[in-house]
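In case you want the letters, here they are:
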Amino acid sequence: MKIIDASSHGKQPLKSLDTLYIKTFGCQMNEYDSSRMIDLMKSSYGLRLVATPEEADIILMNTCSVREKAEEKVFSDLGRYRLIKEKRPDLIIGVGGCVAQQEGARIQARAPYVDVVFGPQTYHRLPEMIHEIRRDRVRKMEIEMLEIEKFDHLPQATQAGVSGLVTVMEGCDKFCTFCVVPFTRGAEISRPVVDVLHECQSLLAAGKIEINLLGQTVNAYRAEGPDGEMWDFAALLYAVADLPGLVRLRFTTSHPMDMSPGILQAFEDLPVLMPYLHLPVQSGSNQVLKLMHRNHTREHYLEIIETLRGHAPDIALSSDFIVGYPGESDQDFEDTLDLVRQVGFDTAFCFKYSPRPGTAANQVEDSVPEAVKDRRLQALLALTRELTRDSMQRQIGKTVAVLVERASKAEGEMQGRTPDLRIVHFVGQPRLIGHIVEVTVTEAYGQSLRGDLVIIDA
Ligand code: SAH
Ligand code: SF4
Ligand code: F3S
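Computed from a predicted structure; not experimentally measured.

**Let's talk about the overall build of the protein**
Then, in step 1: Broken down by element type, the protein carries 12 helices and 21 strands.
Then, in step 2: Taken against the 2.2 N^0.38 rule, which gives 23 Å for 458 residues, the C-alpha radius of gyration of the protein at 23 Å falls within 12% of a compact globule.
Then, in step 3: With the principal axes as the frame, the protein shows a C-alpha extent of 70 × 65 × 50 Å.
Then, in step 4: Counting the 458 residues in the protein, one finds 55% classified as buried.
Then, in step 5: The contacts in the protein between residues at least 6 apart in sequence include a share of 73% that link residues at least 24 apart.

**Some remarks on the environment of Leu273**
Then, in step 1: With respect to the helices and strands, the residue Leu273 is situated in the loop between helix H8 (261-269) and strand E14 (276-278).
Then, in step 2: Separated by 62 residues in the primary sequence, Leu273 and Ile211 have C-alpha atoms spaced 9.8 Å apart.

**A look at the packing of helix H11 (residues 330-343) against helix H12 (residues 370-393)**
Then, in step 1: Viewed as axis vectors pointing N to C, H11 and H12 meet at an angle of 10°, and their least axial separation amounts to 10 Å. Between H11 and H12, the angle falls in the class roughly parallel. Where H11 approaches H12, its residues Asp330, Phe333, Thr336, Leu337, Val340 and Arg341 are matched on the opposing element by Arg376, Ala379, Leu380, Leu383, Thr384 and Leu387.
Then, in step 2: Class assignment of the residues belonging to the contact of H11 with H12 gives a composition of seven nonpolar, two polar and three charged.

**Description of the environment of Val288**
Then, in step 1: Here Val288 is to be found in helix H9 (residues 286-291).
Then, in step 2: With 40 residues separating them along the chain, Val288 and Glu328 place their C-alpha atoms 6.4 Å apart.
Then, in step 3: If near-sequence neighbours (up to four positions away) are discounted, Val288 is found in contact with Ser283, Tyr325, Glu328 and Asp332.

Conventions adopted
- Residues numbered from 1 in each chain as written.
- Chains lettered and ligands numbered in written order.
- Predicted model: local features only at pLDDT ≥ 70, side-chain atom pairs only at ≥ 80, totals over all residues.
- Heavy atoms only, no water.
- Helix = DSSP H or I, 4+ residues; strand = E, 2+ residues; numbered from the N terminus.
- Rg over C-alpha atoms; globule rule 2.2 N^0.38 Å.
- Buried < 20%, exposed > 50% of the residue type's maximum accessible area, 1.4 Å probe, protein only.
- Contact = heavy atoms within 4.5 Å.
- Axes fitted to C-alpha atoms, helices over the stretch in contact; angles between N-to-C directions.
- Parallel < 35°, antiparallel > 145°, perpendicular 65-115°, else oblique.
- Nonpolar A, V, L, I, M, F, W, Y, C, P; charged D, E, K, R; others polar.

Below is the structure:
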């Protein structure tokens, strides 16, 4: 598709559109969506990506509304873009993503200088929307959950970065009581197996060696396979693992209730499936899990972990936690600390409960006082940081395979990831980016490792 912008007809000519700045918040699916928006704007308008909003003819924000803080950030950045637009009235500002989906009308009211508000399911229409805005000098809002597949309307995926992201399913039917995602992303929908395989193949053909399969509850994937049967996520993993050129396979995010025996088995069977699993549990208290509508118990979660470790003894584990959920008692919180110790997570992402409009939990009082939430968050962070530090220390002396991602901040140094997703810094050359090298770990820090490149004599 190539859009010829003949919008100046009869009016003063419009400035040509040359440059795009895009700012991405939130999860990896937003990163994936942003990369698809870039593909789309390049193929329709021939836009070039720029590094600062000041240089851009179009500014797009891809937003996240999972917690209140993330949402506030959108409005503070918009304030800065408004100043740019005062100087350059032709600038087009678009707000997409999950905040747009949920708060579209509020954005239009609070920030009238925003030209287009679009949801996660409508971004394939961006070129048309921008064309109409310029032609008719109007503002647009497109936040319906379209029935049609946006994926059928996007150009071929290209991506910066060494890891190829591929959305395999989107949306969520779980309705955990605290979470906006089922409202912002809509109902669960999986892409056909053949489409997923094609997209993986094109990323591999473009030189990527790692693929990361994405979905809000990725392991709930269920779609038609090439044989006409319904395939589950385990079947998809085995098929992707077989693609020539693939060296590393990952997936995120999983829900405990969809963690089938077949997926756990895959960690033993598939050498390309990397030994790392992010499996959010949110709380270690059965009472809180029930209030959250998570549909599983603490015991069930521990069973999954035990089975998984039976298949992959060295797998690194990470999880998400919410403290201060309405009704969480001191004992409930102790149960969370206890679960964390029992599993010994390598990494954890800890959040204070943040009431979100439209969710079930928002109907009840946000009853845990802020000071208590703070105290619990600090206690959980202290414990999980200690676990991360210990887990990092255990890497010293090991020689690990590192997929080199980019130059690190320190001069002359590169950084990359181990199979279990740890960041490693080492002295090396930029030509190593995108390749796997061996590094012997010499030092461990809170969140990363340092090591020496193993020089292999030819
Ligand atoms: N799809 C993933 C993650 C969704 S959002 C899953 O099902 O697990 C990422 C994390 O944000 C969640 O795991 C949860 O820990 C946190 N989160 C979501 N809503 C929140 C809220 N209202 N307050 C605080 N943290 C929240
Ligand atoms: Fe949100 Fe729960 Fe769905 Fe995850 S499973 S996206 S936490 S509703
Ligand atoms: Fe945020 Fe939407 Fe992802 S709310 S976490 S950007 S699905």
